[in-house]
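Coordinate inspection notes
As a plain string of letters, each chain reads:
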Amino acid sequence: MNQRIKDIEETLDLLYKKLSALERELVVAASPTIKFELQHRIDNEIKPEIARYEAESQELLSFVSTAPQTQRLSSQKQNKTLREHSELVKSVAISPIGQIVASGGADKTVNLWDLNTGNLLHTLTGHSSPILSVKFSPDGMTLATASNLEAGSSNIKIWDVKTGELKKNIGGNLINLRSSCLAFSPDGELLASGNLDATIKLWKVRTGKLETTLKGHGWDVNSVDFSQDGRYLVSGGLDGAIKVWDWRNARLLKTFNRPSPEDFVGSLVSWFDSSVGAIYSVSINPDGTIVASGGAEQPIMFWDVSTGKITKTFTEHTGSVFSVSFSPNGQLLASGGDDNTIRIWNVATGEVQQTFNHLGPVYSVAFSPDGKTLVSGSRDTTVKIWQIED
């Protein structure tokens, strides 16, 4: 049975790669006839095949999860699979009080789940484009969500977690460009958003008004994270740069992986250099000394905040790494990638302690406050909850 599950996962990996290739062809196709043929293949050949194999895989995994301990997959300590999204899940988060999971999908909905039971608590609707980021406030009472392009409505929204009601729209113009990522300041007073226009905007949560705009990236900002002590804001972008900010004073402190803005020639050259690859995710450890990064076709890298030097790299993933997250005690790092896997790393030794699998690329991972649970979101449309070994 384990071999059959492995075979299915390999087949699904090939199908998802084929789907991605066809979708890219669809975007650039000039002829309506070619577009029609590509869309027909996607809808009538690839997606039905994916659905068939996913259904069989889930049936087998359900059997394995109820089998005697000796028959179970040693690396699969899957706790729950949450199914409600109809399209890929781009972002997940666990409440700081540890009881609620939030997930945002390409189906334009945000779901709130009970972490312990897996029951759906609320479905939040109001965005008119795919959800790209979900984040809880430090007190766990508020959820911020961000989406792709929105016309006539804000693409950043603030929700009451208990009731599921919309509390506030942040910003808002006639046309609102993509906000790819969000992070609350440790005191919960400000919300940082990384945006398509290469800026990081800091918003007053109480009023919804713009407080500060940080400029320094060359392209989209894909990830933002505050240090626990509030000293730093770290960002990663499509330009391949990782930046450390004194956000209170709107000052750029350091740039990793790319020349600093003061190096005009180096910055100009790097603008046209695609070899570095995009940064998709950054996470700063609890004591604010190390930044972990994941990106396009590159290893996970650890950067010393004080020196800007790489201290170590993790290379087990094949393909891009879409999400990295330190555990609350900083001893572990979780990563999700294009290879359909989640890996739990021992930061000190670099060893992989656990490996989990989705049936599609993993776009988001998040630890619970006690570090004993991990939640993940994937292109396979599911949210999964995993138990972390001591």
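Small disclaimer: the values here were computed from a predicted structure and weren't measured.

Before going further, it helps to examine the pattern of salt bridges. Throughout the structure, instances matching the rule amount to six salt bridges. The salt bridge involving Arg 52 is made with Glu 49; its shortest N-O contact spans 3.2 Å. With Arg 52 and Glu 49 both in helix α2 (residues 32–66) and three residues apart, the pair spans about one turn of that helix. For Lys 201, the salt bridge goes to Asp 197, with nearest N and O atoms at 3.0 Å. A residue is classified by how much of its surface remains accessible, and Asp 197, at 41% relative accessible area, is partly exposed.

A few words now on the pairing of strand β29 (residues 373–378). Within β29, six of the six residues are buried, which leaves it mostly tucked inside the rest of the structure. Neither face of β29 is left uncovered, since the one carrying Thr 373, Val 375 and Gly 377 and the one carrying Leu 374, Ser 376 and Ser 378 both have all their residues buried. Relative to β29, strand β28 (residues 362–367) is paired through five bridges, and the arrangement is antiparallel. Its bridge partner being in β29, Ser 364 is matched across the sheet by Gly 377. In this antiparallel pair of consecutive strands, β28 and β29, the connection spans five residues, and Gly 371 shows a positive phi of 75 degrees. Relative to strand β30 (residues 383–387), β29 runs antiparallel, the two sharing five bridges. Within the sheet, the bridge partner assigned to Leu 374 lies in β30 and is Trp 386.

Turning our attention to the packing of aromatic side chains. A full pass over the atoms with the stated rule returns eight aromatic pairs. Both rings, one in Tyr 280 and one in Phe 322, keep their centres 5.3 Å apart while their planes meet at 45 degrees; by these two values the pair is tilted. Highlighted residues: Tyr 280 in strand β20 (residues 279–284) and Phe 322 in strand β24 (residues 321–326), separated in sequence by 42 residues. The exposure class assigned to Tyr 280 is partly exposed, which follows from its relative accessible area of 26%. On the basis of relative accessible area, Phe 322 is assigned to the buried category, the value being 17%. Between Phe 322 and Tyr 363, the aromatic rings sit 5.1 Å apart at their centres with planes inclined by 50 degrees, giving tilted as the arrangement. Linking Phe 322 in strand β24 with Tyr 363 in strand β28, this pair joins segments that are 41 residues apart in sequence. Here the guanidinium or amino end of Arg 52 rests over the ring plane of Tyr 53, the centre of that ring lying 4.5 Å away. The lysine or arginine in question, Lys 90, covers the ring of Tyr 363, its NZ or CZ lying 4.7 Å from the ring centre.

Criteria and cut-off values
- Residues numbered from 1 in each chain as written.
- Predicted model: local features only at pLDDT ≥ 70, side-chain atom pairs only at ≥ 80, totals over all residues.
- Heavy atoms only, no water.
- Salt bridge = Lys/Arg side-chain N within 4 Å of Asp/Glu carboxyl O.
- Helix = DSSP H or I, 4+ residues; strand = E, 2+ residues; numbered from the N terminus.
- Buried < 20%, exposed > 50% of the residue type's maximum accessible area, 1.4 Å probe, protein only.
- Pairing = 2+ DSSP bridges.
- Phe/Tyr/Trp six-rings, centres within 6.5 Å; stacked < 30°, edge-to-face > 60°.
- Lys NZ or Arg CZ within 6 Å of the ring centre and 35° of its normal.

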